[in-house]
Amino acid sequence: MFLYNLKITIRRLLKEKVFSAINVFGLVIGITSFLVLFLYVSNEKSFDKHISDHKNIYRVTSVPGGIDNASWARSLGIVHTASAEIPEVELATQFTHCDEGTIKLGENTIQQKNIMSVDKAFFEMFELETSVGDLSEIEKPNTVFISEDFAQKHYGNLNPVGQIITIEALQYTRDLGDYEVRGIVKNVHPKTHFKYELLLSQKGGLQERFESLDTRKIQWTYNYFKLKKGTSPEAVAGKVLAYYDASSLKQTRGPQDYGFDLFPMDDIHLKSDYRFELRESSSKINIGLFVVISFVILLISLLNFTNLTIAKLIKRSKELGLKKSIGANQSQIIRQVLAEVLFLCLLAAGISLLAIEAFKPFINRFFEIDFDIYYTEPVVYISILAVLSICLLLTALFVGVFLLGSSSTIDILAGKSNYSGNYILKILLVGQVAIVVILMSGTFLVNKQIDFVLNRPLGFEKDGVVVLQLKDLSKDPSVFARELQKQSQVVSVGMTAQHFGYPAQGMQLEGLGIEGTAEFVFANYDFLKTMKIELAHSWIQADADTIRGMVINNHLYQRLMEKHGSMENLLAYQEAQALSPGQTRIKFIGIAEDFNYSSAHENIGDYAFWLDESNNRARFTHVRLNNLQAGIAAIKKVWNDYYPNQQLDYFFLNDKLANQYKAETILSRILFLFSVIGIVISMIGISALALFISQQRTKEIGIRKVNGATISEILGLLNMAFIKWVVIAFVIATPIGWYAMKKWLENFAYKTELSWWLFAMAGVLALAIALLTVSFQSWKAATKNPVEALRYE
C-alpha cells in the first residue's frame, strides 16, 4: 500500500509541476530559515555541555571592594591557594590566557593567538585528550603541548615531539625562553568557551610569577573549581572570602576588601560579559528572540504549506468523494493524503539541509555568527521530525474534520460544497500577513534605534580616531607619540589604558563621602584633547612638565556638590580621612562635561580619568587624523621605525563603538532577511490562493461578464476580499507588534520614539504586496473568454 501511495503521489506531483514546486519551495524556505536559527540557538546553549561534570564546574571571580557586580573574568591568585583548604572543592585549576603573543619557530617570528599556561588539573577538569604524548609532562619545566591544527600548519606530517618553540612575548611577560614540544592535544571542542593553540607549562620560565600570585593583588589568572555534587557555590565563595580575610594579602598595598563569586561554567557563553573573557561570548545577543523568530518563520511557512495543501485538496474534493462513495473509509483517504504530504515534507527537508550547507559561509558572514550543523547531535533530527509531525497533523485535521467530516459524499460529488469562502483558508492567510506586518515594523524600529544611538551626541568625537594597541611597553611610548605628532596627517596623540567601551576600573566613593563606585581609566592629558572632551572646570597648569591628577565627569561632580556644597568642603572632608596602606590622596584637576563611556544601553554614571604620563597608560594609543588613508600610511612608517619586527594592531574607534550594538545589528539583519522571506512565502501563498479562488468562481465571473461587467469591476470584486484580509491582519498585528517593540526598547537607556508610521508603513507595504500579487491572478481570470468559462462549467 505504501509503494502504491508513493507511486500515485509522484505521478500527481509530476502532473501538477508548477503548483507542487511552489508548495515545496515555500516549505524549503521556511524549514531552512527555522533550522538555521533554531540550530544556532541550540549550539549556543550547548556550550561546554560535552564535559561530563559541566554542572559542577564554576569560574571564580574576585572583585575589589566587595561589590556585587564582577567585571573581570580573571581573579586573584590566592583563590587557587584557598581551594586546597576547602573540602567541597574536588578539583581546582589555575591558568592564564594570552590572546596574542610572539613566538619563534626556527628563524621565523610569528604572532600567535590563544596561548595558555596550564597545569595538570586543567587537562583533567576540561577532559582534554592527546593524539601524541603524555599529558603528565606538562608538569615538567618549559614544556609545551600544541593543538592538532598548529601541528598540521607548522609541522605537516612530521612528528613535532622534541621540537623547540621560543616564547618571545606574552601579554605581560617577555623572553620566556625555549619550550620543548612534548605532545599534540586534540583540537578544542568547537562549543567550548575558550580556545587554545599552545599549552605552556607553568614550571620553568613562568614558575616564579605563578609562585608569587598568592602574595600579590593582581588579577592575572583564571581560576576554576569543580565542586562535589550537592555543594552550594555560595558557601564555597564564603570560604574563599574567609581565607582571604585571614591572610596577610589583605593588608598589602591595594584594595583591602574583595568579594568572591562562583559563576557556573554552563552560563559563561550566554550570560557572562566580563572583561578578559576567554572567548567572545553571546551574552549580548538575544538568544530568546532568535528562538521566537525561528518559530515565527516556521509558522509562516507551515501556514502557507497547509493553506496550499488545503486548496489543492478542495480542488480534488470530487475525487476524494468518489473514493468514499465506492467504499474507501475516511482513514484510508487520510492515509493517502498524508503520504503525499509526508513525501513533500521529506523532499523539502532534504533540500533545506543541502541549501544550508551551500549557504553556510554567507550565513556566517552576513549575520556575524559562528553557525554549523553537527549531524551527530539528535537535535537536528528532532527538529526535522517536529516539522514533519506538525505538517501531517494540520493536514489530517483538515481532511478529517473540515473536508470529509463536514460534507456528505453526495454534496461533494454534486459540487454543492463551495470552498471559495472557507474560513480556514482566510484565517491561515490572515495569520501569515499579520506575522509579516510584525516582522516588517520590527525591522523598521530596530534600524531606527541603531541609527539613533550611533548618531546621538556622545560628549566626545569618535570619527577620525585610530587606536593603536601597544604590547611592548618596555620602550618609552611617549617617544613614539612625539614621532607620530610630527606627521602632518596627525592632529593629536593621546594615551590611555582603556578605550571607550572597554571595561573600566572601579573606584570606591566612600572616601569622598558618597555611596557607590565610579568607573575610571588611566590616561594622559593629551587623551582628553585627542577625544575633544570639554572641561567645564579646569585647575590644570598647561605649562607643567607632567599633568597628574583626577578629572571627574559632571555627573559625579554634581553628586559630590549635593553632599558637600563646594569643592573646598569636599577637599576638607577628604583631608580628614585616614589613608590605608598603599592609598594616595586624590588631587582633583578638572571637571569634564558628561559623555557616554559605555553604550546607549546604560545611563551616564560616575566617571573619572586618572591622568599621568606613565607607560602603562599607552596600551591603547589614540591618534586623531585629518586624512585617514594617508594617516594610516604615516603611522605604519613610524611604527616600523620604532617597533621593528612587531605587528601593528589598530582599529578605528567608531567601528569599535558600533560593535557595542552587534546584537542589535544582527537582530536588524535577521529581521530584514526574514521579513523578506516572510513576504516571499506570503506572496506564494496569496498568489496560489488567488488562483484557486478565481478557479472556484469561474462560472460566476463568466456570468458577470455576459451581463456587462467590466474587467476593472471584476478586478475590484476579486481584490476586495484580499484587501479585507490584509486590513484584518494589520489590526491584529499592530497591538502585538507595539507591545513587543516597547519591551525591546526597554533595553536602552537612550531610545528613539515608537512612531505610528512604523506600523503604517508596514501595513501599506503588506497591502501593496497583496494587491500586486492578487491583481495578476485576478486579471487573468477577468480577461478569460466568458463563453469558454461557462461551457467549461
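Residues numbered from 1 in each chain as written. Predicted model: local features only at pLDDT ≥ 70, side-chain atom pairs only at ≥ 80, totals over all residues. Heavy atoms only, no water.

## What to know about unusual backbone geometry
Selection rule: Only DSSP runs of H or I covering at least 4 residues are called helices, and only runs of E covering at least 2 are called strands; the numbering of each starts at the N terminus. Accessible area is worked out with a 1.4 Å probe on protein chains only. A residue is then buried under 20% of its type maximum, exposed over 50%, and partly exposed in between.
Of note in this structure, D48 is not a glycine but carries a positive phi near 70 degrees. Relative to the elements of secondary structure, D48 occurs in the loop between α2 (17-45) and β1 (57-64). The class for D48 is buried, based on a relative accessible area of 0%. The backbone phi angle of K532 is positive, close to 55 degrees, even though this residue is not glycine. Residue placement: K532 occurs in the loop between α16 (525-530) and β15 (535-538).

## As for helix α18 (residues 567-575)
Stated formally: Taking the helix axis as origin, the arc is that swept by the directions to the C-beta atoms. Every residue pair with non-hydrogen atoms within 4.5 Å of one another is taken to be in contact.
Among the residues making up α18, those that are buried are M567, L570 and Q574. Buried residues in α18, looked at end-on, bunch into an arc of 60 degrees, giving them a common side. Opposite the buried face of α18, by more than 90 degrees, sit the exposed residues E568 and E575. Those residues of α18 hidden inside the fold are in contact with α17 (554-564) and β17 (588-592).

## Things to note about α17
What sets the pattern is the α-helix's 3.6 residues per turn: residues three or four places apart point alike. Considered for burial, the residues of α17 that qualify are N554, L556, Y557, L560, M561 and H564. The arc enclosing the buried residues of α17, seen along the axis, measures out at 155 degrees, which places them on a common side. Contact partners of the buried residues in α17: β14 (517-523), β15, β16 (549-553), α18, β17 and β18 (607-611).

## So, the nonpolar core
Generally speaking, nonpolar side chains in soluble globular proteins are found buried as a group. Short version of the rule: Throughout, nonpolar core names a set of buried Ala, Val, Leu, Ile, Met, Phe, Trp, Tyr and Cys residues whose side chains join them through atoms within 4.5 Å.
Core analysis: the largest hydrophobic core is formed by 78 residues, its most contacted members being L27, L35, I293, F371, I670 and F674. Every element with two or more residues in this core is listed here: α2, α9 (287-315), α11 (330-367), α12 (378-403), α14 (423-455), α21 (662-696), α23 (711-745) and α24 (756-782). Looking at this core element by element, the count peaks at 13 residues for α14. F95, M265, V551 and F609 belong to the second largest nonpolar core, which has 57 residues in total.

## Some details on the pattern of salt bridges
Under the convention used in this document: A carboxyl oxygen of Asp or Glu within 4 Å of a side-chain nitrogen of Lys or Arg is what we treat as a salt bridge.
Evaluated as defined, the whole model comprises 23 salt bridges. Between K113 and D99 there is a salt bridge whose closest N-O contact spans 3.4 Å. Remark: D99 occurs in strand β2 (residues 89-105) and K113 occurs in strand β3 (residues 108-118); sequence separation between them is 14 residues. Residue class for D99 comes out partly exposed when judged on its relative accessible area of 42%. If you follow the salt bridges from partner to partner, you end up with E137, K140, E180 and R182 in one network.

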